[in-house]
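So the chains spell out like this:
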Amino acid sequence: MAGDVLIPVADRLPQSLAEPGLSQATPPVIVVNRVSKRYRPQAHQIVLRHEALKLLRQSLRMIRPGRSAAPEIGMAGQAFWALRNISFTVQAGESVALVGRNGSGKTTLLRVLCGITYPSEGDAAVHGRFAALLALGAGFNFERTGRENIYLNAAIQGVGMRQVAASVDEIIAFAELGDFIDVPVKRYSSGMITRLGFSVAAHILPDIIFIDEALAVGDAAFQEKCVERILAMKAAGRTLVFVSHAPGLVRQLCDRAIWLHGGELRLDGPTDQVLAGYTAMLAAQTAGV
């Protein structure tokens, strides 16, 4: 974005998408093009008899080959759109925060970018190797030791054993797990799991790092160390996409923010301006305006 101009969403479509005849100096590393994601809600209460009948029908091939089953709409009766018509690009080296209330679509968007789930409409592309810190313990085998999980987690991120072996001592030291590194992860606290996950992600040197509220878990000293590491990665030209409800962290780590509201992109621009709009909305809602 040019300067510090905040561009209303209605008028903002990435140049690479809106004007094919024009090209940016460098291609973006993340392109989100009119992405929508629909979920089919389940019933509020699962009736075991209904589930058993459903499994029986499937086993008897009552749903004929080549014919799609009816949409699984829950008792609420309507599909839920977690994202609606989201478009933006991210350049290499940018640090972007996704902000918004719970249920606004932030985590869903991050999952789309990581390839964990696919958009119902539109498309998203990520160019470059990335590391992701999403749900607590994602990418870990809880029956394996922390040391074994370093190699497993790195392999999921596309990093080979030889490269990991060169950094394994640094990863263990940064995570501050001591002798627990050779204990099964199922014995770890949530803070220990987060420390190990962040340490792996920070040492495999990804081009892009996705973080979803992971820094909210753990002690203050380790959070400060993580922030220092992220700032160092940012200075080295890595790209960051960060989901957080902590305005202070967002301001410290991100130069740009994208505000999602009700699954739609409300504002995209400099962090301070987007947070000002977001907090003003929260204040108005609290006041009942």
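To start, this report covers the structure provided alongside it.

What counts, and where the lines are drawn
- Residues numbered from 1 in each chain as written.
- Predicted model: local features only at pLDDT ≥ 70, side-chain atom pairs only at ≥ 80, totals over all residues.
- Heavy atoms only, no water.
- Helix = DSSP H or I, 4+ residues; strand = E, 2+ residues; numbered from the N terminus.
- Buried < 20%, exposed > 50% of the residue type's maximum accessible area, 1.4 Å probe, protein only.
- Contact = heavy atoms within 4.5 Å.
- Areas by Shrake-Rupley, 256 points an atom, 1.4 Å probe, with all protein chains shown as cover.
- Polar contact = N/O pair within 3.5 Å; in protein donor to acceptor, adjacent residues only side chain to side chain.
- Phe/Tyr/Trp six-rings, centres within 6.5 Å; stacked < 30°, edge-to-face > 60°.
- Lys NZ or Arg CZ within 6 Å of the ring centre and 35° of its normal.
- Pairing = 2+ DSSP bridges.
- Salt bridge = Lys/Arg side-chain N within 4 Å of Asp/Glu carboxyl O.
- Axes fitted to C-alpha atoms, helices over the stretch in contact; angles between N-to-C directions.
- Core = buried A, V, L, I, M, F, W, Y, C linked by side-chain atoms within 4.5 Å.

## A word on the overall build of the chain
What the chain contains, in helices and strands, is 9 helices and 10 strands. Counting over 289 residues, the chain shows a buried share of 39%. Nonlocal contacts in the chain, meaning residues at least 24 apart in sequence, comprise 74% of its contacts between residues at least 6 apart. When the accessible surface of the chain is summed, it comes to about 15,500 Å², and 54% of that surface belongs to carbon and sulfur atoms.

## Structural notes on the side chain of serine 36
For serine 36, the position within the fold is in strand E2 (residues 30-39). From its side chain, serine 36 meets the backbone nitrogen of asparagine 85 in a polar contact 2.8 Å long. Residues within four places of serine 36 in sequence aside, it is in contact with Trp81, Leu83, Arg84, Asn85, Pro119, Ser120 and Glu121.

## Considerations on the packing of aromatic side chains
Note on aromatic pairs: each is described by the distance of the centres and the angle between the planes. Counted by the stated rule, this structure contains 4 aromatic pairs. Ring centres 5.7 Å apart and planes at 70° place the aromatic pair phenylalanine 174 and phenylalanine 222 in the edge-to-face group. A residue pair is termed long-range when its members are at least 10 positions apart, and phenylalanine 174 in helix H5 (residues 161-175) and phenylalanine 222 in helix H7 (residues 220-235) qualify at 48 residues. Neither phenylalanine 174 nor phenylalanine 222 differs from the other in exposure class; each is buried. Of note, arginine 266 hangs over the ring of tryptophan 259, and the distance from its end group to the ring centre comes to 5.0 Å.

## What about the pairing of strand E10 (residues 264-270)?
The side chains of a regular strand alternate, residue by residue, between the two faces of the sheet. Burial analysis of E10 places 5 of its 7 residues in the buried class, which makes it a mostly covered element. As paired elements, strand E9 (residues 256-261) and E10 share 6 bridges and run antiparallel to each other. Paired with histidine 261 across the strands is glutamate 264, a residue of E10. Here E9 folds back onto E10 in antiparallel fashion, the turn holding 2 residues, of which glycine 262 has a positive phi close to 60°.

## Considering the pattern of salt bridges
Taken as a whole and judged by the stated rule, the model has 8 salt bridges. Residue arginine 256 pairs with glutamate 94 through a salt bridge whose shortest N-O separation is 3.1 Å. Separated by 162 residues along the polypeptide, arginine 256 in strand E9 and glutamate 94 in the loop between strand E3 (80-90) and strand E4 (95-99) bring together distant segments of the chain. Judged by relative accessible area, which is 22%, glutamate 94 ranks as partly exposed. Note that aspartate 268 and arginine 256 form a salt bridge whose closest N and O atoms lie 2.9 Å from each other. Taken together, the positions of aspartate 268 in strand E10 and arginine 256 in strand E9 put the pair 12 residues apart, joining distant regions of the chain. With respect to burial, aspartate 268 and arginine 256 carry one shared label: buried. Connected through shared salt-bridge partners, Glu94, Arg256 and Asp268 make up one network.

## Considering the sheet that holds strand E5 (residues 121-126)
Spatial ordering of the open sheet is given by E3-E2-E5, a layout of 3 strands whose pairing is antiparallel. Of all strands in the sheet, those with a lone pairing partner are E3 and E5, marking the two edges. Geometrically, the sheet is characterised by an average inter-axis angle of 25° between neighbouring strands, direction not taken into account.

## Some remarks on the nonpolar core
Nonpolar side chains in soluble globular proteins tend to be buried together. Of all hydrophobic cores here, the largest spans 48 residues; its most connected members are Ile150, Leu196, Phe198, Leu215, Phe242 and Leu253. Ranked by the residues each element gives to this core, the list is headed by helix H6 (residues 190-203), at 7 residues. If we ignore the near neighbours within four places in the chain, the residues touching phenylalanine 198 are Leu133, Phe174, Ile211, Leu215, Cys226, Arg229 and Ile230. With 23 residues, the next largest nonpolar core counts Val35, Val96, Leu109 and Ile258 among its residues.

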